[in-house]
Amino acid sequence: MNKAIASLLLSVLLSACQLAPRHQRPEAPIAAEFSPEYADAEEGATAATLAWQDFFPDPRLRSLVAIALERNRDLAISVSQIQEARALFRVQRADRLPTITLGAGATRSGGAGSALAEGIGNLPGGRAPDEIYTASVASSAFELDFWGRVRNLTAAARAQYLATVSATRAFRMSLIRDVAFAHLSLLEANERIELAQATLNSRTEELRLAQRRFDSGVTSETDLRQAETLLSQAETQLAELRQSREQATNLLTVLIGGPLDSELPQAIPLQRELDTPVLAAGAPSALLLNRPDIMASEERLRAARANIGAARAAFFPTVLLTGQYGYASTELDSLFGGDRRTWSYGPRIDVPLFDFGRRRANLAVAHARETAAVADYQRTIQTAFQEVSDTLAARRFLADQVSAQERGVFSQRRLAELARTRYRGGVTSYLEVLDAERNLFASEQTLLQLRRAQAENLVSLYIALGGGGLERE
């Protein structure tokens, strides 16, 4: 009979660790592979093992990223949140061990007679007050974690800490992407301004020639006004581009945590920003291990399941242990004598009786949060899959667009040359030159925009595949 009871108690204690649901990754609601039509670079580098210094070909961009990782204020906040989560985990982990306190005290007590004796001397019936000195080491209300409540709370705190670490890694990667985007926008603005300024100079000269031809009576006022229209369009575009450049500069200043250093390396042309390593798409399942946002979501799911275990443990009795060992004496000089030792210990059991549904409600809250965590985890995976799929498709189609636009710019440039030649020969009106010049300028601006979009897409693919987390040793 005693063996049966002992076996039952042992089985109950051993089953305590099972109060929390066993963690299993939910099914990933994505396809087993990316579209073969776009994921055609299986021979390329793996983004997650490629340091960002080895991915970016621009030395100026590498310097900007390094400065941002050191000085960005939002990243500093994120790092401090890691420190906070680590401290909270250590606080919770400490609850699994007893708190030992060292105490010393002195008490003085007595009745009315003792007060008279102290005030006016030893009167009849008076007695000296009682004095007791103590020194002890004690542990108060240490919970014996039979049901795993404290253990599960510790596991939840650890998972939250790891989730914070992964979330900071994800923010770090997004910061690298944002710095690269701002740098590329600034490069595009600079090159478009150079183009607009060259166009403005050319059209200023064309207006001067048109004015001379009009003054000589060779052409009508219509040609003159059309030349003025071309010039004003170039001036408007130039002012707009300068505004865009200032905005890009201001954004980059915020991202790197301070003004741009004049001693930064010289930037390479926008077209050379495309000279990044070719990346292999890999399998979608690799995202679970390479994307820190997915890893953070999984840790939050672990924490939610651990909290279920803690909520279930609340239905069982709480066993608390209090113990003390020390010395007590009425005389301070003999406090630590061998016959002055005192000790005490004893358990206390708190059995839940009536709480008007509080524990059931807490358990329902824990289950609801687990359900939300599962949905968040699956949604995060779907978002990651979409980001990679979108960037893979854009990698192919943007390359086609840039190639086609380059051919279009070549054709537009030739048309503009022919239109000017025909106009000088008196074959056509200045309206043909106006249209050709306007189309050429727009086509050249579009080409620069597409090159910037193509470079941004390569950066996005690198980050979407889990790149940016490694530093070059």
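It should be noted that the structure appears before, not after, this text.
Residues numbered from 1 in each chain as written. Predicted model: local features only at pLDDT ≥ 70, side-chain atom pairs only at ≥ 80, totals over all residues. Heavy atoms only, no water.

## What about the sheet that holds strand 1 (residues 100-109)?
Keep this limit in mind: Two strands form a pair only when DSSP identifies at least two bridges running between them. The way it works is that DSSP assigns letters per residue, a run of H or I at least four long becomes a helix, a run of E at least two long becomes a strand, and they are numbered from the N terminus. The axes are straight lines fitted to the C-alpha atoms, using for helices just the contacting stretch, and the angles between their N-to-C directions are given from 0 to 180°.
Ordered by their spatial adjacency, four strands build an open sheet running 1-2-3-4, and the pairing between neighbours is antiparallel. Pairing within the sheet leaves two strands with one partner each, and these edge strands are strand 1 and strand 4 (341-350). If you compare each strand with its neighbour and ignore which way they point, the axes differ by 25 degrees on average. As judged from the 10 bridges shared by strand 3 (residues 318-329) and strand 4, these two strands associate in the antiparallel manner. Residue pairing for strand 4: T322 is matched across the bridge by G346.

## Thoughts on the environment of Q412
Rule in force here: Relative accessible area decides the class of each residue, using a 1.4 Å probe on protein chains only: under 20% of the type maximum gives buried, over 50% gives exposed, and in between gives partly exposed. Residue contacts are defined here by distance: any two heavy atoms, one from each residue, within 4.5 Å place the two residues in contact.
Here Q412 shows up in helix 10 (residues 358-424). On the accessibility criterion, Q412 (21% relative accessible area) is partly exposed. Separated by 31 residues in the primary sequence, Q412 and S443 place their C-alpha atoms 7.5 Å from one another. Once you skip the residues sitting within four places of it in the chain, Q412 turns out to touch A436, N439, L440 and S443.

## Things to note about the pairing of strand 3
Across 10 bridges, the pairing between strand 2 (residues 130-144) and strand 3 is antiparallel. For F142, the partnering residue across the bridge sits in strand 3 and is L321.

## Structural notes on the side chain of S443
Operational definition: Any N or O atom pair separated by 3.5 Å or less is treated as a polar contact, with the protein-specific requirement of one donor-capable and one acceptor-capable atom, and with residues adjacent in sequence counted only for side-chain atom pairs.
Position of S443 relative to the elements: it lies in helix 11 (residues 430-464). In terms of polar contacts, S443 uses its side chain to reach the side chain of Q405, at 3.0 Å.

## Remarks on helix 7 (residues 221-256)
Keep this limit in mind: In a helix, the anticipated span is given by 1.5 Å times the number of residues less one.
Relative to the 52 Å expected for 36 residues at 1.5 Å per residue, helix 7 spans 53 Å between its end C-alpha atoms, a close match to the ideal helical length. Where helix 7 terminates, the next one or two residues include G257, which has phi positive at roughly 80 degrees.

## What to know about the pairing of strand 2
With 10 bridges joining them, strand 1 and strand 2 adopt antiparallel strand pairing. What sits directly across from I100, in strand 2, is S139.

## Things to note about the environment of P57
Take P57: it is sitting in the loop between helix 2 (52-55) and helix 3 (59-71). Distance in space between the C-alpha atoms of P57 and L274 is 8.2 Å, their sequence separation being 217 residues. Setting aside its immediate chain neighbours within four residues, P57 contacts R62, I268, R272, E273, D275 and T276.

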